[in-house]
Amino acid sequence: MENIGCNLSAHLKKALVDDEKAKFIYINNFEVEQYWKPPETVGIPSVSIGNARLMVNRLEEQGVLLASPTDIVILKRPVSTHFLQYLQSLLECPGIIYVENSNPNLNITKDILNCQKTIQHLKELKNTNNNIYFMPYGCSEYEEQLSELTGIPLAVPSSHVFSKVNTKVYSRVLNQKVNIRQIPGGECDSVDSLLETYQNLKHYLISGERLVLKESLGVSGKGLIIIDSEEKFNKAIKMIEKGLNKKNNGKVSFVLEKWIRKTADINYQILIERNGKVIYYGAKECIVEDGVHRGHLYPTYITRKLDEELRKAGEKIGRQLYQDGYYGIVGIDAIYDQEDMLWPNLEINARFNMASYQMRIQENFLQNQGHALAKYYELKLSRQISFNEIFTLLENFMITTNGQEGFLINNFATVNSGFSKEGKFFKGRLYGVLMASNMGSLFDLDRRIQIQLNKIQE
């Protein structure tokens, strides 16, 4: 990993607005990808999971340990008093602005746009700060509206650039353009091209392999079908044709690829500066289950063995992204397969990534020889849980000082985000980073934390 010092925010400011002393207002608008997908595009229907949107909207709380003390984070709701005290005991925290009367179903930017008091406050901040910028997770038309309303510029490119470079089709085209190893498959903008690509790939099915059909702008495991037979492919085609029949001038944008039998999923990050320089931030091994990202493990043997190849791929990808108008943080998904082959660019996420929210923690707490596991614990609850209850339950494992092994909680809001009434079951998540001197201790810590958390679900 590049030595970026102990202040990621200052590094971003220098790279993006050429002023380390600028003030950034962080808007952690997770799953902004939903606004990059053209409304006429036909996708793969997905089953909505109860309170999933409510939980995604509260992932924003992780921004408190991303921003520097001189910056500001806007949140939908106040941080639990005791949780905020815990965070402040670990690191200096940024200023926090809370939106009044937020709607749990709306993402943070839409909440801000609906709150005149917050808009007025932001205008006043602009009047007293010449070097103030919005720093969103990713930029859509709503962040641009907010910028125009308040007069506060964005530190990132336009929504048009974000929507262009964040598709799986773009990633494949880039691989071909800059000569990066490409998974067998094709980009499909019509049913005919899907059928043609399938004919080119069906020999993999015959030999016992699988294919995968992905929406170009699918996110978090949604918009993805594993194809293990011709019958399943034909069912997918019929589903897509049905969607096209429901929409006037409907369009499709898919990738159909060979399914790679993996040894490990990898995520590596780069930063593209406004002058085009590409900084490599290193790689982490991803924990992925059923196509859904569960967390990160680092450092990893994959990183050490293949670091230089990833660095070179990141440089190529960064230069091309810059030519196409993008600058800022980029997360790139790669796969290391069972034949010891690295596929360096499965997908480009030109925005903040979950790994981005671990960087300040990593800089300040993970020692040179340390190991870390960033993850979330699923909780099935029937009542609201206080931070103090969680802290007491996990007290023997909690990190309270630098250099200590244990568990650091970096998001508590998602624990109770799905609560509606006492006695009604809902799913919550507790996000954090586990740290230990070796892998054995790390996984033992994970096991013991899970045992303790099971007690509040019994």
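What counts and what doesn't
- Residues numbered from 1 in each chain as written.
- Predicted model: local features only at pLDDT ≥ 70, side-chain atom pairs only at ≥ 80, totals over all residues.
- Heavy atoms only, no water.
- Core = buried A, V, L, I, M, F, W, Y, C linked by side-chain atoms within 4.5 Å.
- Buried < 20%, exposed > 50% of the residue type's maximum accessible area, 1.4 Å probe, protein only.
- Domains from an automatic or database assignment.
- Contact = heavy atoms within 4.5 Å.
- Axes fitted to C-alpha atoms, helices over the stretch in contact; angles between N-to-C directions.
- Helix = DSSP H or I, 4+ residues; strand = E, 2+ residues; numbered from the N terminus.
- Parallel < 35°, antiparallel > 145°, perpendicular 65-115°, else oblique.
- Phe/Tyr/Trp six-rings, centres within 6.5 Å; stacked < 30°, edge-to-face > 60°.
- Lys NZ or Arg CZ within 6 Å of the ring centre and 35° of its normal.
- Buried area = accessible area lost by both parts, 1.4 Å probe.
- Salt bridge = Lys/Arg side-chain N within 4 Å of Asp/Glu carboxyl O.
- Polar contact = N/O pair within 3.5 Å; in protein donor to acceptor, adjacent residues only side chain to side chain.

Before going further, it helps to examine the nonpolar core. For soluble globular proteins, the rule of thumb is that nonpolar side chains tend to be buried together. Ranked by size, the top nonpolar core spans 129 residues in total, and within it Tyr-86, Leu-122 and Leu-430 carry the most contacts. Counting the residues that make up this core, at least three belong to each of domain 1 (23-154) and domain 3 (370-457). Beyond its immediate chain neighbours, meaning those up to four positions away, Leu-430 contacts Lys-375, Tyr-376, Tyr-377, Leu-379, Ile-390, Leu-394, Phe-407, Ile-409, Asn-411, Phe-412, Val-415 and Leu-453. In this structure, Val-191, Leu-205, Leu-213 and Ile-237 belong to the second largest nonpolar core, which totals 20 residues.

Attention now moves to the packing of helix H5 (residues 116-128) against helix H6 (residues 141-150). Following both chains from N to C, one finds H5 and H6 inclined at 60°, their axes separated by 9 Å at the closest point. Between H5 and H6, the angle is such that the two are oblique. When H5 is examined against H6, the residues Ile-119, Leu-122, Lys-123 and Lys-126 are found in contact with a partner set consisting of Leu-146, Leu-149 and Thr-150.

Moving on: the environment of Gly-63. The topology assignment puts Gly-63 in the loop between helix H2 (52-57) and strand E2 (72-75). When the C-alpha atoms of Gly-63 and Ile-237 are compared, they prove to be 40 Å apart, with 174 residues separating the residues in sequence. What Gly-63 contacts, discounting residues up to four positions off in sequence, is Asn-28, Val-73 and Tyr-357.

Here we take up the packing of aromatic side chains. By the definition in use, this model includes 22 aromatic pairs. Taken together, a centroid distance of 4.9 Å and an interplanar angle of 70° make the contact between Tyr-35 and Tyr-142 edge-to-face. Of the two residues, Tyr-35 is situated in the loop between strand E1 (23-27) and H2 and Tyr-142 in helix H6; the sequence distance between them amounts to 107 residues. A relative accessible area of 22% places Tyr-35 in the partly exposed class. Grouped by ring-pair contacts, the aromatic residues Phe-24, Tyr-26, Phe-30, Tyr-133, Tyr-137, Phe-352 and Tyr-357 constitute a single cluster. In this structure, Lys-13 is placed above the aromatic ring of Phe-24, and the distance from its NZ or CZ to the ring centre is 5.7 Å.

Segmenting the chain into domains produces domain 1 (23-154), domain 2 (184-259) and domain 3 (370-457). The C-alpha-based centres of domain 1 and domain 3 are spaced at 24 Å. Facing 15 residues of domain 1, the contacting portion of domain 3 comprises 22 residues. Across the domain 1/domain 3 interface, buried area totals approximately 1500 Å², and carbon plus sulfur atoms make up 64% of it. Area buried by domain 1 at its contact with domain 3 is led by Met-55, Phe-83 and Tyr-86, which between them contribute 37% of it. At the boundary of domain 1 and domain 3, one finds zero salt bridges. Viewed at the interface, domain 3 and domain 1 are joined by eight residue pairs in polar contact (both at pLDDT 80 or more).

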